[in-house]
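Structural characterization, general
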Amino acid sequence: MQFASARIALGAGRRLASRFFCIVPSPTSEIMHAVDYIRTKREGGQLTDGQWHDLIARYTDGDIPDYQMSALLMAAFLNGMQEAEMVSLTHAMLHSGVVLDLSDIAGRKVDKHSTGGVGDKVSIPLAPIVAACGVPVPMISGRGLGHTGGTLDKLESIPGFRTDLSIDDYRRQLADIGLVMIGQTADIAPADKKLYALRDVTATVEFVPFIAASILSKKLAEGIDALILDVKHGSGAFMQAEANARHLAETLVGVSEGFGKPAVALLTDMDQPLGRAVGNWPEVEESIALLAGEAPDDLEEVTLALAAEMIVAGHQAETITEALDKAKDAIQSGAAMDRFRMMVEVQGGDVESIANPGKRTEQAVAADVRAPDDAAGFVTRIDALDVGRAMVTLGAGRQTKEDDVDPLAGCVLLKREGDAIAPGDVIARVMASTEERMEACIEGLQSAWSFGERSVSAGSRITDRYADGAWRSGK
Ligand code: URA
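Before going into details, it helps to say that this report is about the structure given with it.

Reading the values: the criteria
Along each chain, the written sequence defines residue order, and numbers are assigned to residues from 1. The predicted origin of the model limits local features to residues at a pLDDT of at least 70 and limits the giving and counting of side-chain atom pairs to 80 or more, whereas totals for whole chains, interfaces and linings rest on all residues. Think of the side-chain values as coming from all heavy atoms in the structure, minus any hydrogens and water. Whether two aromatic rings pair depends on their centres lying within 6.5 Å, for rings of Phe, Tyr and Trp, where Trp uses its six-membered ring; planes under 30 degrees apart make the pair stacked, over 60 edge-to-face, and the rest tilted. What counts as a helix is a DSSP run of H or I of at least four residues, what counts as a strand is a run of E of at least two, and both are numbered from the N terminus. Three labels apply to residues, based on accessible area from a 1.4 Å probe with only protein chains included: buried if under 20% of the type maximum, exposed if over 50%, partly exposed otherwise in between. Charge-over-ring placement is defined geometrically: NZ (Lys) or CZ (Arg) within 6 Å of the ring centre, and within 35 degrees of the ring normal. For two strands to pair, DSSP has to find at least two bridges joining them. Whether two residues touch is decided by their heavy atoms; if any such pair falls within 4.5 Å, the residues are in contact. Throughout, an axis means a line fitted to C-alpha atoms (over the contacting stretch in the case of helices), and angles, computed between N-to-C directions, take values from 0 to 180 degrees.

Scanning the entire structure with this criterion turns up 3 aromatic pairs. For the pair Phe77 and Phe207, a centre-to-centre distance of 5.3 Å together with 40° between the ring planes defines the contact as tilted. One end of the pair, Phe77, is in helix α3 (residues 66-79); the other, Phe207, is in the loop between α8 (190-201) and α9 (208-220), and 130 residues separate them in sequence. Like Phe207, Phe77 is buried. With 4.9 Å between their ring centres and 50° between their planes, Tyr466 and Trp471 make a pair best called tilted. For the pair Tyr466 and Trp471, a shared accessibility class is recorded, and that class is buried. Here a set of aromatic residues connected by ring pairs shows up, and it is made of Phe77, Phe207 and Phe210. The ring of Tyr59 carries Lys194 above its face, with NZ or CZ at 4.3 Å from the centroid. The cationic tip of Arg360 hangs over the ring face of Trp281; the distance from NZ or CZ to the ring centre is 5.1 Å.

The next thing to look at is the environment of Ala241. Residue position: Ala241 is located in the loop between β4 (226-233) and α10 (242-258). Of the residues examined, Ala241 reaches a relative accessible area of 38% and is grouped as partly exposed. Residues Ala241 and Ser70, spaced 171 residues apart in sequence, show a C-alpha to C-alpha distance of 26 Å.

In spatial order, the strands read β1-β4-β5-β13-β14; together these 5 strands make up an open sheet with mixed pairing. The sheet terminates laterally at β1 (110-114) and β14 (470-471), the two strands that pair on one side only. Pairing of β1 with β4, which is carried by 5 bridges, proceeds in the parallel orientation. Looking across to β4, one finds that Asp111 is bridged to Leu227. Strands in contact with α10 are β4, β5 (263-269), β13 (462-467) and β14; relative to β4, the strand with the most contacts, it is inclined by about 170°.

Before going further, it helps to examine unusual backbone geometry. Positive phi is not limited to glycine here, since His315 has a value of about 60°. You can see His315 is positioned in the loop between α12 (297-313) and α13 (320-332). Owing to a relative accessible area of 58%, His315 belongs among the exposed residues under this scheme. Backbone geometry at Asp468 places phi at a positive 50°, although glycine is not the residue there. Inspection of the secondary structure assignment puts Asp468 in the loop between β13 and β14. We classify Asp468 as exposed; its relative accessible area is 73%.

Function cannot be inferred from these measures alone, as they are strictly geometric.
Structure (structure tokens):
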């Protein structure tokens, strides 16, 4: 695979006319001063594996300051990185901290990473389904920022649920019940934590090599044997353009396999929220409904497709069809729900709240969102980004990393694509711990719906699949 043009369109740069006057050092010695690394990248040169390792180790230790790393990030962003450099960067970031070895735990350990979106609660039902099918799932997740939610915030809306387990407890729980879901510890890929904060304030986030190194340095540190990726595109996705999402999927799979970890990517549509529920507790409630066999079709489709990939990657089925049957059986038999309950109990969560989720929902204040006076015909679209932003206004998501989230805040979308609509119909219900931010949220939320005279039917949310170096569609 070629990564020479690995920069996504958002970052397309230009070469400076003044480069004619530049003096580029010849890298006679492997280890250089930071300024020479910067100069090499500024001139479109390539850093060696040893140089990337030196750069990342010195930056993580505080020996290279943020201002020099900022310059290097921007130079690489504008001039691109070679495939070998991306692998070196990922390796250096991965080994900036602890890399877990789970080889003493039986079975092939498989995890899933999603690039995130609105209403994407898939990890919560997925992990217990897959664990119930005999594949151990060690999952280290993140918090939400901006319009996309985070699995940790969702899990922590279960009263008492702990996501800050020690690595020893993480291993023990995986060995005991085949399933553990925690947050990133300070020991895992510390270089990524520092670099991500810097990228965030230097406009260097939207660059495929950095994104791939960031995601994979964390995932590969978990001790997994294989990785399934859910790369989303559409208005609520991190990569809105499908072409960029495809490029990221190819890169993630290529780099993961370069590390000896087989990977498959599903490309999925995040133009509209996934499922009906958005927000932390509302999404846990919908995840429990899925485990009880009562989920909206789109959520079930994406969850089962990812589960089947994980079951095959975990060598518990030979084909996707066989794996799908196993995943469905795990739901129908109650084995997946049992596994979820076990995890909640072991991680300190209130089992009663998940046995009867509606009771916790009743503790929230609620308000109806109604269709405007000119609404007629059918719902043609619900914009995921508008819904995500309205949820941040409500307090279900974060504007900055330091913000607290309201665990009960969120909404349930009652009218979705293809549903008939008349003015004044209730299109959504909004919930929160207090009424304080509801009015502002409702105003924003209403703008998410589009209406039209003709009914549209919701298609598959799965756009494509990338494995073994090829797209299923042949694109
Ligand atoms: N998610 C990550 O973990 N890192 C990125 O760089 C972007 C999204």
